[in-house]
Amino acid sequence: NTTQQIAEKFAEELGPVTKTEDLKNLDADKLGERALQQSLSAFDPTSLIPQVKMQDIKTSANYDKAAKEAYFKNLSALTQAEASKLKSGSSSSRAENFKAAALAYEKIVANLYNLVVPQPLANFHREVIKTFGLQKNIFDNLANYETDPLKAMVVLPLLEETRYELLGIISH
């Protein structure tokens, strides 16, 4: 929990406070900012990117025009099916919306593993799975914003970055 780690770091930096004068001489803003920066700089956003093994991707040796078109048609259909559920569904809280999005991306990833891919497109497909898996992990963290708000703040910029990648994949 990033928020808890920052609070612990802040308390560690603060040290024991035994009298009121200890608090008067304290620059809480600088201390808090330093603890926050140290904790946030320690976060590695690449830790959210799932590992995708090539041997887990179902491939086909067929790479004619029809196979390529079928692959992209199926890719588009399966991603848009789950994405359309997100747009139509409305939950009562933001956390529930984030959880629903994480679940949708989880389903997309599972379906992507079941999609047969022409062998020359296997690396592309691997990156597609990574991108959707990253989205799932981002939304998992956003869904937990009430218990770890700082981690949610850290992953939020990643959401925008991967959004454009997903738009390119879906519209392919």
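Going by the structure above, here's the rest.
All of these numbers come straight from a predicted model, not from anything done at the bench.

Asks: Honestly, the nonpolar core in this entry has me stumped. Any pointers?
Replies: With 32 residues, the main nonpolar core has L112, F132, I138, F139 and L142 as its most contacted residues. Counting residues per element, the ones that place at least two in this core are α4 (65–88), α5 (94–114), α6 (122–143) and α7 (149–170). Here the element with the most residues in this core is α6; it accounts for eight residues. L112 has contacts with L75, L78, H125, V128, I129 and F132, leaving out every residue within four places of it along the chain.

Asks: Even after reading the chapter, I still don't get the packing of aromatic side chains, so can you show me in this structure?
Replies: Given two aromatic rings, their pairing is described by the distance between the two centres and the angle made by the two planes. Taken as a whole and judged by the stated rule, the model has seven aromatic pairs. For the ring pair Y105 and F139, a centre distance of 5.7 Å and an interplane angle of 15° mean the geometry is stacked. With a gap of 34 residues between them, Y105 in helix α5 and F139 in helix α6 connect regions that are remote in the sequence. Per residue, the accessibility class of Y105 equals that of F139, and both read buried. What links up through ring pairs into an aromatic cluster is the set F98, Y105, F132, F139 and Y145.

What counts and what doesn't
Residues numbered from 1 in each chain as written. Predicted model: local features only at pLDDT ≥ 70, side-chain atom pairs only at ≥ 80, totals over all residues. Heavy atoms only, no water. Core = buried A, V, L, I, M, F, W, Y, C linked by side-chain atoms within 4.5 Å. Buried < 20%, exposed > 50% of the residue type's maximum accessible area, 1.4 Å probe, protein only. Helix = DSSP H or I, 4+ residues; strand = E, 2+ residues; numbered from the N terminus. Contact = heavy atoms within 4.5 Å. Phe/Tyr/Trp six-rings, centres within 6.5 Å; stacked < 30°, edge-to-face > 60°.

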